[in-house]
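For reference, the chains in residue letters:
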Amino acid sequence: MNRFKKLCTSRAFVMFLVIALLLGAGVSRLFYFQILNGKEYSEKAQNQQLSDREIEARRGTIYDSQGNVLAQSATVYNIFIDPSKITDKNRTVLVDLLTEVLGYNSEKRDELVEKTHKEGKYVIVERKVEYKIRKALAEFMDADDNKKYKLRNCLGFEETTRRYYPYGKLASPVLGFVGSDNQGLEGIEAYYDEALQGVNGRIITVADAASKSISDDFETTIPAEDGNSLVLTLNSSIQHTLETGLQDILEEYDAKGTYGVVMDVQTGAVLAMASLPGYDCNNPRTVVYDKYIEEIKKETDADKKAELESAYVQKQWRNFTVSDTYVTGSVYKTFMAAAALEENVVNLNTSFTCTGSIKVADWNIKCHIHAGHGTQNLTQGLGNSCNPFFITIGQRLGVHNYFKYFDGFGFTERTGIDLPGEAAPQFYTENQYGIVELSSASFGQTNNVSPIQMCTALSAVANGGRLLKPYLVSEIKDVKGNTVSKTQTTERRQVISEDTSEKVLDMMTYVVENGTGRNARVAGYKVGGKTGTSEKLGEYSDNERKKYIISFSAIAPTDDPRVAMIIICDEPNQDLGGGTICAPIAASVVEECMKQLGVEPSYTADELKNKAVKIPAVAGKSVDEAKSQLSGLELKSRVVGNGNKVIKQTPTADSEIPRNGTVVLYTESNKEQTVKVPDFTGLTISEANRVASSHNLNIRISGNDSTSANVVAYKQSESKDSEVAIGTVITVSFKSNHAVLD
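Definitions and cut-offs
- Residues numbered from 1 in each chain as written.
- Predicted model: local features only at pLDDT ≥ 70, side-chain atom pairs only at ≥ 80, totals over all residues.
- Heavy atoms only, no water.
- Helix = DSSP H or I, 4+ residues; strand = E, 2+ residues; numbered from the N terminus.
- Rg over C-alpha atoms; globule rule 2.2 N^0.38 Å.
- Buried < 20%, exposed > 50% of the residue type's maximum accessible area, 1.4 Å probe, protein only.
- Contact = heavy atoms within 4.5 Å.
- Areas by Shrake-Rupley, 256 points an atom, 1.4 Å probe, with all protein chains shown as cover.
- Axes fitted to C-alpha atoms, helices over the stretch in contact; angles between N-to-C directions.
- Parallel < 35°, antiparallel > 145°, perpendicular 65-115°, else oblique.
- Left-handed = near helix turned anticlockwise from the far one by under 90°.
- Nonpolar A, V, L, I, M, F, W, Y, C, P; charged D, E, K, R; others polar.
- Pairing = 2+ DSSP bridges.
- Phe/Tyr/Trp six-rings, centres within 6.5 Å; stacked < 30°, edge-to-face > 60°.
- Core = buried A, V, L, I, M, F, W, Y, C linked by side-chain atoms within 4.5 Å.
- Salt bridge = Lys/Arg side-chain N within 4 Å of Asp/Glu carboxyl O.

Draft legend 1. A look at the overall build of the protein. When helices and strands are counted, the protein shows 23 helices and 33 strands. The C-alpha radius of gyration of the protein comes to 36 Å, more than 25% above the 27 Å expected for a compact globule of 742 residues. A principal-axis box enclosing the C-alpha atoms of the protein has dimensions of 145 × 80 × 55 Å. Out of the 742 residues in the protein, the part that is buried amounts to 47%. Considering only contacts in the protein between residues 6 or more positions apart, those separated by 24 or more positions represent 71%. About 36,000 Å² of surface is accessible on the protein, with carbon and sulfur atoms providing 47% of the total.

This is the structure in C-alpha cells:
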C-alpha cells in the first residue's frame, strides 16, 4: 500500500512537473508575443484583417493671367491583376485581352505572362491609362460569353490622375512637368510642388481570412484633399507672340538657343518668359529641336547616342533666362548712362569725339565703327552704341560709383523669382577692378548676369528708378476658388531718381527712332531700346568663326512705361547684331503687349498718313454707292461680275488695309477669283507694294516702315504660292539688315 502511494505520488509529481513546464512554456510564449513583440504582431494581425487603399489627391490646376488652363490633372486608371485568382483556364484569355487592348508586342506579352504567375494579390500591369482602355476591358469582361472566365475576380482598376498640358510646348521650361508619382520635377511644378500636391486619402476595409471585404459597414474612408491651384502672371497671347518670334530666329539663324523675358515694370509681374528650343510638357523626355535630332541621328554608337539624347533632353529642360548667365554686351550702356547722369559726371549735352578707337593702358579698344562716329552728345553716343564714348564715361564715373550702381541695379544678387535653380551672378568685386577692367565693363563686357536680372534692372530704369522683385504666381487658390495667398509688389530699393529715369527713357527712344534699334519701331507707340553684342571669348579655336550672343532690350511706351523686355539669340550663324535679329521680335511683342494691356495708340502725323483704313460694309449696296464710299476713304475698288449690286466683298468689313488698297466687289455668286501669293522676301516696301498690286493683293506693313533701301521684307503671313482670294490682306514684316555687331 505504501509502495502504491509512493508510486502515485511519484506519478503525480511527474505530471505536475510536465504541466508546470507546459504552463511555463505557454506563459513564456505569451509573454514573448504580447509583451516583448506585442506591437509587431498586433500590426501583422491588423494588416491581415484590414485592406488599406490610397486615394490619390488631384493636383491643383495652373492658369495663366487670363484664366486659360496651362496644366491640369485628369482622371486615369491603373490596371492591376490578382495572380492568386488566375487559373490555367482563364490565363490565356486574360493575357490575350490585355495584349490586344494595351497594344503589347511579344516581349511585353512575355512580361505579362510572368506577372500572372507571381505570388501575391496585387500586381500592377499598366499605370495611368485613359478611360477608353478601361471601358474596353470592362466591356469584354462583362460580355455574357466571357463571364465564365471570371476575369472580374482577377483584373481590376484603381482611379488615379495624370497631368495634362493643353498648350504642349508653350512656356515649357517655366511650367516644368511632373514625374510618374505626380511630384513636380521642373519649373513652377517643382517650386510650388507642396501647394499643388494636396494630401492623399485612404479607404480602410475590414477583411476576412481570405482577404475579402466583409461589409461596407466596416469601411472607413478618409477623403483626399485636392491641391491648391495657381494663377500665373503669364499672358498666353504675349507668351505665344514671344515664342513664335524666338522660334523663327532659332531656325533661321541655326542658333544654339533663343531666350526672352517680358515684365510689367510697375509690379514686377512676368508677362512672358521663354527659353527655346524648349520641350513638350506632355512628353518631356522627347527631343524636339531638329538640330538636336540630326546630331543624334549622326551618332552610330548606341551608348553614345543614348548619352547624347539624354544630354539634349537636359538642355531642353533648362530655363536659360533664370538658370544661366551671359555677358550683356552694349545693352549695359543703358545703366552706365543712368549711373553717370545720376552722379552728375555727364549731362545730356556732354560730347565726345570718336575716332574709331581709344587707348586704355596697353590696350587699343576699337569702336564697332572703325572709322569712328565723330563728335556726338550723350544721346547720340547711346544711339550709335559707341564704345570709346562709354569707356570715357566709365572712367569719369570711377570704380566705386560704377560698382555702386552695378550693385544697385541688382546685378550682384539673385532676384528671388519664384522658380528653382536661379543662377548666381558672376562678377568682379569692387577691389578687383583696374582701369582695363573698368573700361571693359563700361561697354558691357567682363561681368555675367542672368536675363531675369537684366529685365528686372530695365524695369527699374522704366518705372522711375524702383528695383522690384520679379514673380510668376499672382495668386494661390483652394479647390473652392478662395484665395489662399496673393502676391504683392515688393520694392527692394530706389536706384536712380525719376528725373534720371525720364532722361534715359528719352535716350532709349532715340535709339529706336534714329539709332541702331530702328527695327523695334511700332506705329502709334514710343518704344525705347538698346542693342547688344558680346563675343564668347574662349569658346572657339583660332580657325573657327567667332561666336556671339546678341540681344535687344526694350521698354514701351516710353512716355508711360508698362513693359520691359530682353530678347536674346545665342550663337546665330551670321554676324548680325541685336538690332537686326532681335529688335523685330521686340516690336511684335510690344504690339501684342499694348493690345493685351489695353494701351491705345497715339499716332504721329507721318504715321497717320500710312495708317491702315478700316473697310466699311458695302455688301447690299449698289456698285456706284459702294465705289463712292470706298473712294472717300482713299481706297480703290475692283468689280467682279455684271450685276448692279454688291453681294460680297474682299476683304470683309472691319478688316484694315493701307490707303490706296483695293477692295474687290462681287456682283454675282460663284465668281470668286483666287491668286497665288508671291514671295515678298527681300523686297523693299515700295517693291512689295508694286508686287502686291500686280497680284491684286493688299499688304499690311509690319515692323520697320522706313523707305530706306536696306529695309526689306523678311516674313509674310501667307506662305509663298498659297492660294488666296484676290483682295486678301497679307501682313509683310520688314527690317533693316544693316549688320552692326555693337
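What follows continues from the structure just given.
Draft legend 2. Representation of the packing of helix α13 (residues 333–342) against helix α18 (residues 498–514) in the model. In contact at an axis separation of 10 Å, α13 and α18 are set at 140° when each is read in the N-to-C sense. As judged from the angle between their axes, α13 and α18 are oblique. The two elements α13 and α18 cross, and the hand of that crossing is right-handed. In contact with Thr334, Ala337, Ala338, Leu341 and Glu342 of α13, α18 contributes Thr500, Lys503, Val504, Met507 and Met508. Classifying every residue of the contact of α13 with α18 gives six nonpolar, two polar and two charged.

Draft legend 3. Focus on the sheet that holds strand β30 (residues 698–703). Here we have three strands laid out as an open sheet, ordered β30-β33-β31, and mixed in their pairing. Every interior strand has two partners, whereas the edge strands, β30 and β31 (711–716), have only one. Neighbour to neighbour, the strand axes of the sheet diverge by 40° on average, direction disregarded. Two elements, β30 and strand β33 (residues 729–736), share six bridges in a ladder whose sense is parallel. The residue of β33 that forms the bridge with Ile699 is Ile730.

Draft legend 4. Region of the structure containing unusual backbone geometry. A cis amide bond links Leu276 with the next residue in sequence, Pro277, at an omega value of 25°. With respect to the helices and strands, Pro277 occurs in the loop between β10 (270–276) and α10 (290–298). Here the bond from Ala556 into Pro557 is cis, since omega is -25°, no more than 30 degrees from zero. Its identity is not glycine, yet Ala171 carries a phi of approximately 55°, on the positive side.

Draft legend 5. Quick peek at α13. Extensive coverage of α13 is indicated by the burial of nine of its ten residues. Within the sequence span of α13, burial applies to Lys333, Thr334, Phe335, Met336, Ala337, Ala338, Ala339, Ala340 and Leu341. A positive backbone phi angle near 60° is found at Asn344, which sits one or two residues after α13.

Draft legend 6. Up close: the pairing of strand β23 (residues 563–570). Burial within β23 is extensive, with eight of its eight residues counted as buried. The two faces of β23 match: Val563, Met565, Ile567 and Cys569 on one face and Ala564, Ile566, Ile568 and Asp570 on the other face are all buried. The pairing of strand β9 (residues 257–264) with β23 spans eight bridges and is antiparallel. Along β23, the bridge assignment pairs Gly260 with Ile567. In the sheet, strand β22 (residues 548–556) pairs with β23 via eight bridges, with the strands oriented antiparallel. Its bridge partner lying in β23, Ile549 is registered against Asp570.

Draft legend 7. Representation of the packing of aromatic side chains within the structure. A full pass over the atoms with the stated rule returns 23 aromatic pairs. Their ring planes at 90° and their centres at 5.9 Å tell us that Phe177 and Tyr279 sit as a pair that is edge-to-face. Here Phe177, found in the loop between α6 (172–175) and α7 (187–191), pairs with Tyr279, found in the loop between β10 and α10; they are 102 residues apart in sequence, far enough to count as distant. Of the two residues examined, Phe177 and Tyr279, each falls in the buried class. With a centroid separation of 5.9 Å and an interplanar angle of 20°, the aromatic rings of Tyr402 and Phe406 are classed as stacked. Taken together, the positions of Tyr402 and Phe406, both in helix α15 (residues 387–408) and four residues apart, correspond to about one turn of that helix. Taken as a pair, Tyr402 and Phe406 share a single burial class, namely buried. Through a chain of ring-to-ring contacts, three or more aromatic side chains come together here, namely Tyr332, Phe335, Tyr402, Phe403, Phe406, Phe409, Phe411, Phe427, Tyr428 and Tyr433.

Draft legend 8. Inspection of the nonpolar core at higher detail. In this structure, Ile188, Met273 and Phe409 are the most contacted members of the largest nonpolar core, which totals 127 residues. Filtering out sequence-adjacent residues up to four positions away, Ile188 remains in contact with Ile62, Val174, Leu175, Asp193, Leu196, Leu230, Leu232, Asp418, Leu419, Leu472 and Val473. Judged by nonpolar contacts, the second largest core, of 22 residues, contains Ile81, Leu98, Ile133 and Leu137.

Draft legend 9. Here's a closer look at the environment of Thr375. On the secondary structure map, Thr375 appears in strand β15 (residues 374–377). Take Thr375: its relative accessible area is 55%, and that puts it in the exposed class. When the C-alpha positions of Thr375 and Thr87 are compared, they lie 94 Å apart, and in sequence the two are 288 residues distant.

Draft legend 10. Spotlight on the pattern of salt bridges. Within the structure shown, the criterion is met by 27 salt bridges. As a salt-bridge pair, Arg163 and Glu189 come within 2.9 Å of each other at their nearest N and O atoms. With Arg163 in strand β5 (residues 155–164) and Glu189 in helix α7, the pair connects residues that are 26 residues apart, well separated along the chain. Looking at Glu189, the relative accessible area reads 0%, which means it is buried. With a closest N to O distance of 3.0 Å, Glu571 and Lys536 form a salt bridge. Here Lys536 lies in the loop between β21 (528–535) and β22 and Glu571 lies in the loop between β23 and α19 (578–581), a separation of 35 residues in the sequence. For the pair formed by Glu571 and Lys536, the shared burial category is buried. Overlapping salt bridges, with partners in common, bring together Arg59, Arg163, Glu189 and Asp193 in one network.

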